[in-house]
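# Commentary on secondary and tertiary structure
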Amino acid sequence: MKQIRKKKHPIFNGFKAFLRLFKKKPKMVYLGKQPKEPCIILSNHVGSSGPITYELHADFQFRFWGTYEMNGDFKTLYKYLSKDFYHAKLHMPLWLSRIWCVIAAPVAHGFYKGLELISTYKDTRFWGTMKESLATLQDGKSLIIFPEDSTHGYYDNLQFFFSGFTLLAKACVQKDLDVPIYFAYYSKKHKTIMFDKPTTCSELLNSAPTKEEIAENTRVRINALGEEINKKAEEELQAKKKK
C-alpha cells in the first residue's frame, strides 16, 4: 500500500514555505529503513517544536493525533491554549498567556485546520478517533502520535506514556492493517530526528502482556533514542576538537 501524496491548500502550503525560512530541516537518522509506506510514528512532542518540525520537513504524507480542543471553535481553542498549553504546559504566567492567546489563537485556529488533525478524546468518543485513524491508513497516509503525558510540561527525558496507541495497534491488526510502527525522538538541541528500526502492530502487541507495560517499554526505548542522539553529538564534537 503506497502513500497517496495529496497537496494541501495553497495558502497553507505558502504559510509553511514562509516558516521554513526560519526553521531549517533537521538531520534525519534512520536506524532501519526510512518510513515510506503508511505507518504509525510514535514520537516526543518537544512543545510546539515537534509537530511543526514534522509538518514542515517530513517527506511523507501523514496526519497528527491532537486533542479535540485543537479542532474546536475559537472559544474552545482559546481556553485550551491559554489555560492548558501556554500556562500549564509551557509555564507561561496565566495573565500573559491570556493576552498572548488573543493573537495566537486565531493563527493557531487556521494552522490546525490546515493540519487536518485527528481529534482525540478521553471518553467513548475515542472510538471515532480509531475509525478515522484506520481510514487514514487505508487512504495511504501515515499517523504521527505523541503519547507522552504533557499535563505539567514537556521534558527531554519523557516521564509517562498514555497507552491509547496500543488500542490503535489492536484495531489495525483486527482490520488486517499490520502496518509498521516507528519509534522516533526529536532533539531540538541537536536538530536531529532519530527513527528506530520499525516493528509492526502485532509485534508491538506481543511484546508485553498489558497495554501499560507496552506504553512504558515504548517510553524507555524512545528515551534511549534521545540518549543515542546526545552520544553521537558528543562523539562528533570530540572528533572536531581532535582535528
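Look a little higher up for the structure.
Residues numbered from 1 in each chain as written. Predicted model: local features only at pLDDT ≥ 70, side-chain atom pairs only at ≥ 80, totals over all residues. Heavy atoms only, no water.

## Looking at the overall build of the protein chain
Of the regular secondary structure elements, the protein chain holds eight helices and eight strands. A compact globule built from 243 residues should have a C-alpha radius of gyration of about 18 Å, and the protein chain, at 18 Å, falls within 12% of that. Residues classed as buried in the protein chain amount to 47% of the 243 residues present. Across the protein chain, contacts joining residues at least 24 apart in sequence account for 75% of those joining residues at least 6 apart. Entry remark: accessible area of the protein chain is about 13,500 Å², with carbon and sulfur atoms responsible for 57%. Positive and negative side-chain charges of the protein chain, numbering 39 and 25 respectively, have mean locations separated by a distance of 7 Å. (Helix = DSSP H or I, 4+ residues; strand = E, 2+ residues; numbered from the N terminus. Rg over C-alpha atoms; globule rule 2.2 N^0.38 Å. Buried < 20%, exposed > 50% of the residue type's maximum accessible area, 1.4 Å probe, protein only. Contact = heavy atoms within 4.5 Å. Areas by Shrake-Rupley, 256 points an atom, 1.4 Å probe, with all protein chains shown as cover. Lys, Arg positive; Asp, Glu negative; His and termini not counted. Charge placed at Lys NZ, Arg CZ, Asp CG, Glu CD.)

## Observations regarding the pattern of salt bridges
Taken as a whole and assessed by the stated rule, the structure comprises nine salt bridges. In this structure, the salt-bridge partner of K16 is E55, at a minimum N-O distance of 2.9 Å. Taken together, the positions of K16 in helix α1 (residues 10-20) and E55 in helix α2 (residues 49-57) put the pair 39 residues apart, joining distant regions of the chain. Exposure class is identical for K16 and E55. Each is buried. E132 serves as the salt-bridge partner of R63, at 2.7 Å between the closest nitrogen and oxygen. Placement of the pair is R63 in strand β3 (residues 62-67) and E132 in helix α5 (residues 126-138), with a sequence separation of 69 residues. (Salt bridge = Lys/Arg side-chain N within 4 Å of Asp/Glu carboxyl O.)

## A closer look at the environment of S163
Topologically, S163 is positioned in the loop between β5 (142-145) and α6 (164-174). Given a relative accessible area of 16%, S163 falls into the buried group. For the pair S163 and E212, spaced 49 residues apart in sequence, the C-alpha separation works out to 6.1 Å. Each residue touching S163, except ones within four places of it in the same chain, is listed here: K211 and A215.

## Concerning the packing of α1 against α2
Orientation of α1 relative to α2, taken along the N-to-C sense of each, is 110°, at an axis distance of 10 Å. On the basis of the axis angle, α1 is roughly perpendicular to α2. Here F12, K16, L19 and R20 of α1 come into contact with α2, specifically with E55, L56 and H57. Across the contact of α1 with α2, the residue classes tally to three nonpolar, one polar and three charged. (Axes fitted to C-alpha atoms, helices over the stretch in contact; angles between N-to-C directions. Parallel < 35°, antiparallel > 145°, perpendicular 65-115°, else oblique. Nonpolar A, V, L, I, M, F, W, Y, C, P; charged D, E, K, R; others polar.)

## Points about a nonpolar patch on the surface
A cluster of nonpolar side chains, F15, F18, L21, F22 and V107, forms an exposed patch at the surface whose accessible area comes to about 550 Å². With respect to the helices and strands, L21 occurs in the loop between α1 and β1 (27-30). (Patch = residues over 30% accessible without salt bridge, like charges linked within 9 Å, V, L, I, M, F, W, Y side chains within 5 Å.)

## Here we look at α6
Within the span of α6, buried status applies to F165, T166, L168, A169, A171 and C172. Immediately beyond the C-terminal end of α6, within one or two residues, lies D176, with a positive phi of roughly 55°.

## Some details on the packing of aromatic side chains
The tally for this structure, following the rule as stated, stands at 13 aromatic pairs. Considering the side-chain rings of Y54 and F146, the 6.4 Å spacing of their centres and the 55° angle between planes classify their relative orientation as tilted. On the criterion of sequence distance, the pair formed by Y54 in helix α2 and F146 in the loop between β5 and α6 is long-range, its members being 92 residues apart. Classification of F146 as buried rests on a relative accessible area of 13%. An aromatic cluster is built from Y54, F60, F62, F64 and F146, whose rings are joined through pairwise contacts. It is R125 that lies over the ring of Y68; its NZ or CZ is 5.2 Å from the centre. (Phe/Tyr/Trp six-rings, centres within 6.5 Å; stacked < 30°, edge-to-face > 60°. Lys NZ or Arg CZ within 6 Å of the ring centre and 35° of its normal.)

Don't take any of this as a statement about function, it's just geometry.
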